[in-house]
Each structure stands twice: as structure tokens, then as C-alpha cells.
Amino acid sequence: MFSASVVNSNAQPADQVYVHELTVEDGLAQSNVNVILKDSDGLIWLGTDDGLNLFDSHNLKTYRHDSNDPYSLSENEVVSLLEDSQGRLWVGTAHGGGLNLFNRKGGKFLRYLDDNVADNISIRSKNAALCIIEDASQNIWVGTHDGIRVLKKGDSKFEFFG
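Everything in this summary refers to the structure shown in the same document. (Residues numbered from 1 in each chain as written. Predicted model: local features only at pLDDT ≥ 70, side-chain atom pairs only at ≥ 80, totals over all residues. Heavy atoms only, no water.)

**Regarding the pairing of strand β7 (residues 78-83)**
Line of reasoning, step 1. Here β7 lies mainly inside the structure; six of its six residues are buried.
Line of reasoning, step 2. As paired elements, β7 and strand β8 (residues 89-93) share five bridges and run antiparallel to each other. Of the residues in β8, the one forming a bridge with L81 is V91.
Line of reasoning, step 3. With antiparallel pairing between neighbouring strands as the criterion, β7 and β8 make up a hairpin whose turn holds five residues, including G87 at a positive phi of roughly 80°. (Buried < 20%, exposed > 50% of the residue type's maximum accessible area, 1.4 Å probe, protein only. Helix = DSSP H or I, 4+ residues; strand = E, 2+ residues; numbered from the N terminus. Pairing = 2+ DSSP bridges.)

**Brief notes about the sheet that holds strand β6 (residues 60-63)**
Pairing between the strands of a sheet comes from backbone hydrogen bonds, and it takes one of two forms, parallel or antiparallel.
Line of reasoning, step 1. Judged by pairing direction, the sheet is antiparallel, and its four strands sit side by side in the order β3-β4-β5-β6 without closing on themselves. Sheet topology places β3 (33-38) and β6 at the edges, where each strand pairs with a single neighbour. Sheet twist, expressed as the mean angle between neighbouring strand axes with direction ignored, is 20°.
Line of reasoning, step 2. Direction of pairing for strand β5 (residues 51-55) relative to β6: antiparallel, over a ladder of four bridges. Residue pairing across strands places L52 opposite Y63, the latter belonging to β6. (Axes fitted to C-alpha atoms, helices over the stretch in contact; angles between N-to-C directions.)

Function-wise, these values are silent; they only describe arrangement.
As C-alpha cells, then:
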């Protein structure tokens, strides 16, 4: 059995530290947690092999891909997370899911897929967003199996650096 323990990282030595054990029985999407992010609101985001969980210190909410909903998560295996300087949550997925931008108010995902992926790259690596960072100009950089892509501020298409 796997569990994720969430610890208050802002605790001072004299402060009490509260540990929450989260399991599949508690609502964790899957026992393999790939990435964890604490956002500016203090919420904990957990990317698993079967969806994205939001933990608000009391409850777990799960976001998954739904083939009938174009605003759902593009793919269930979440491998990277970034909260950018504007407080937006970026979600990187594997297996062709690409990059997702989460609309916190509406609970929907905007999918960013790279249509310029070389045909000779296996479908497993196409559009995999393995790591995500933001630079000083607010461009979003994405590491993939076959190189680096950048989504420049205000653009909807990736630029490729192979």
C-alpha cells in the first residue's frame, strides 16, 4: 500500500507539524504519485498515474480525462506541475496528453498540444510534458522526450528546440 504524507513545510522548529496520510481509500486517484505542488493558496496538487488530485487539507478532489469532455484533463498520467507567476496551474501529462492549463474558477482544462511533433517519434513520447518551468518573460518551457518546447507569452503554439 502506498500513501502520500503531506507535511507543513513552513513549520518552525517550535511549531507543531501535522502530517496527513492520503491513500487510495481516502480518494487519492492512484497510489503512484509522480509530482506534488503546493500552490500560493496553500492547496496541495498531486499528479498520479490516474489523474490529478487537489487536497485542501480536508478533502481530496480528483480530475481525470473524459473522452466526452473536451475541457477535461487531456490524459490521466500527470507527470509535471507548475504554478506560474500569474497563479495559473499548468499540468503536464504523458502519453500524448501534452500540456494543460487549469481554469480554477470553472474547473476546466485548456489543452495545449504540439502539432509539430516529428512523425518518427513514438506515440508514447508525442506531446509528453515531462517538466515545466516559467522564465522571466513569462514564457512556459516544456521538457519532452525529444527536446524542449516553449510556449511564448500570448501564443497558443509551441516553438521547438531539438
